[in-house]
Amino acid sequence: MSNIDIEKYFKPDLKKARKRSQNAIEELHFKLSDAYQKIGVNSSYMIHTYGCQGNEADTETMAGILELMGFSKATSEAESDVIILNTCAIRENAENRIWGELGRLKSYKKQNPNLILGLAGCMAQEENVVERILKKYQYVDLVFGTHNIYKLPQYIETAFYSKERVIEVYSQEGEIVENLPKIRNHQHKAWVNIMFGCDEFCTYCIVPYTRGKERSRAKEEIINEVKELVVDGYKEITLLGQNVNAYGKDFKDEHYTFGDLLRDLNDLGMERIRFTTSHPHDLDQKTMDAMRDCEHVMPYFHLPVQSGSNAVLKKMNRHYTKESYLEILNRLKTTVPGISVTTDIIVGFPGETDADFKETLDLVDQAHFEGAFTFVFSKREGTPAATFEDDTPEEVKKERLYILNDRINDGYLIGSQRFLNQTVKVLVDGVSKHDEHVLAGYSEHNKLVNFKGDPSLIGQIVNVKITVAKTWFLLGELL
Ligand code: 5AD
Ligand code: SF4
């Protein structure tokens, strides 16, 4: 594939990606034109997905588009005609993994020169990534970002027939595209996007640059999607957004927020409704009340805190303090008794002192989290925190992570033990990874439960009496 005039490409621009205007959000409707409908017949594709549930949902859309074009899902990389890496940019180690993958896939390009190798997702939105692809990864044929998945048919056509390299990344606020086809990855659980983008601009985070401005899907579109999922026999949905608590805040002529949406979705016949992810600063009482009142909204909340130090929270631009976080958390626990809460925490943020870290441990002690994703700060080029002075040695940061993880694991175990001898409802996902005679699924409080049962129960909600409580999972007997 030729690469003569690199100026013809649409390359990302992080400065542009930072802009937020008052402009109305454009809503587009996807339709596959006839010209693209047969391009993929007798050809196959494979998509590798990295990172968050937003990417998993995007992969389902890419697969939906490719299958509308006639492609079928490949069973191996060697037989694929199109391989797309749907990438994550949240931390450096996520990116390093993908550079390694690109290196590994080079050999397939040698075996099959017609193979189209594509890079999509958040990494494609980064300036330095696209520069590196242009200079050092000539064999990558296709680069497109998070804003233009709906244009995949024309990109594939160009790469397939004119053998031109396609590099098209938009650094824009973003639109909403409806009517996108999807090949869902699970048979009884589904992702439902309710909003896109993020306007929070936490100083460490690349997401507002890679995913654009906060924009909410029309409630009618969401309700219709969920109604169809009910008809198709889905048992659980997870509503997706970078900050679902901001849902509806961008509506110009309507006052309709996340709590209203939960109430409306609760009446549609979907057994289980979950959502991710939340920002404490936008979590309101209306949402908590809706959780209390809506039997299908699960008693589980992922509420990222990031740090327990007020100085660090301020430098992170999180808009709350340790005290106000604990106040919101207590309100949530009082409104929805028995709710299980998990969190995200970053250690080693630039300038974090031992005293700051102790504040985080103290917050963990007071919050009684039942789990957490914990991370060492990773410098993301283009974000404000990448320029903050950072003199904490890596070993100290790692040590803090170990100490924190121990503390978090205590909470996990206590969270498991409270279900001992209780009967919980489990949506059966499949057979256990470790034993084919054992089924695995999640309880309403999002606890992994293993028990003996027949695989015909997969996709059903069953009662299980818990007999053993471990840190990471529960064991029980089917009732
Ligand atoms: N370094 C480390 N962790 C990060 N996260 C986001 N950006 C970074 C970064 N630069 C974490 C936050 C967020 C989760 C999805 O990833 O904890 O909640
Ligand atoms: Fe990143 Fe903060 Fe937005 Fe979450 S809320 S995606 S951490 S900027």
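Within every chain, residues take consecutive numbers counted from 1 along the sequence as written. As they are written, the chains are lettered A onward and the ligands numbered 1 onward, keeping that order. Totals for whole chains, interfaces and linings use all residues, but because this is a predicted model, local features are given only for residues with pLDDT of at least 70 and pairs of side-chain atoms are given and counted only at 80 or more. To get the side-chain values, take all heavy atoms of the structure and skip hydrogens and water.

(A) Fine view of the pairing of strand β9 (residues 189–193). In terms of burial, β9 is largely enclosed, as five of its five residues are buried. Categorising residues by exposure relies on relative accessible area from a 1.4 Å probe, with only protein chains included: less than 20% of the type maximum marks a residue as buried, more than 50% marks it as exposed, and the intermediate range marks it as partly exposed. Each helix corresponds to a stretch of at least 4 residues labelled H or I by DSSP, and each strand to a stretch of at least 2 residues labelled E; elements are numbered beginning at the N terminus. A two-sided burial pattern is seen for β9, the buried positions comprising Lys189, Trp191 and Asn193 on one face and Ala190 and Val192 on the other.

(B) Main features of the layout of surface pockets. In this model, the second largest pocket occupies a volume close to 570 Å³. Points on a 1 Å grid over protein atoms alone make up a cavity when a 1.4 Å probe fits among them but cannot get out, and a pocket when they form an open set with protein on both sides within 12 Å along at least five of seven lines; lining residues each have an atom within 4 Å of a point. Lining the second largest pocket are 26 residues; nearest its centre among them are Ile25, Ser216, Asp250, Phe251 and Lys252. Going through the elements one at a time, β11 (215–216) and α7 (219–231) are the ones with two or more residues in the lining of the second largest pocket. Polar here means any residue other than Ala, Val, Leu, Ile, Met, Phe, Trp, Tyr, Cys and Pro, which are nonpolar, and Asp, Glu, Lys and Arg, which are charged; Gly is therefore polar. Across the lining of the second largest pocket, the residue classes break down as seven nonpolar, four polar and 15 charged. Each of domain 1 (3–168) and domain 2 (188–298) gives at least three residues to the lining of the second largest pocket. Grid points are joined across faces, edges and corners, and a volume is the space filled by probe spheres set on the points. Residue ranges labeled as domains rest on an automatic or database domain assignment.

(C) View of the sheet that holds strand β7 (residues 166–168). Here, strands pair whenever DSSP counts at least two bridges between them. One open sheet holds the six strands; their spatial order is β3-β2-β4-β5-β6-β7, and the pairing between them is parallel. One side of each edge strand has no neighbouring strand; the edge strands of this open sheet are β3 (72–73) and β7. The pairing of strand β6 (residues 142–144) with β7 spans three bridges and is parallel. Paired with Val143 across the bridge in β7 is Ile167. Whether two residues are in contact is decided by their heavy atoms, any of which lying within 4.5 Å being enough. A fitted line through C-alpha atoms serves as each axis, taken over the contacting stretch for helices, and the angle formed by two N-to-C directions is quoted from 0 to 180°. Strand contacts of helix α2 (residues 53–68): β2 (44–49), β3, β4 (82–87), β5 (116–121) and β6, with the helix running at about 175° to β2, the strand carrying the most contacts. Together, β2, β4 and β5 form the strand contacts of helix α3 (residues 92–111), whose direction differs from that of β4 by roughly 175°.

(D) Here's a closer look at the environment of Asp267. Positionally, Asp267 belongs in the loop between α8 (258–266) and β13 (272–276). On the basis of relative accessibility, which here comes to 63%, the residue Asp267 falls in the exposed class. Along the sequence, Asp267 and Lys227 sit 40 residues apart, while their C-alpha atoms lie 9.9 Å from each other.

(E) Representation of the side chain of Glu225. Among the structural elements, Glu225 can be located in helix α7. Judged by relative accessible area, Glu225 falls into the buried class, the value being 13%. Polar contacts involving the side chain of Glu225 include one to the side chain of Arg184, which spans 2.8 Å. Beyond its immediate chain neighbours, meaning those up to four positions away, Glu225 contacts Lys182, Arg184, Trp191, Val192 and Arg217. Throughout this description, a polar contact denotes any pair of N or O atoms lying within 3.5 Å of each other; where both atoms belong to protein, one of them has to be capable of donating a hydrogen while the other can accept it, and for residues adjacent in sequence the pair is counted only when both atoms sit in side chains.

Bear in mind that shape data such as this cannot, by itself, settle questions of function.
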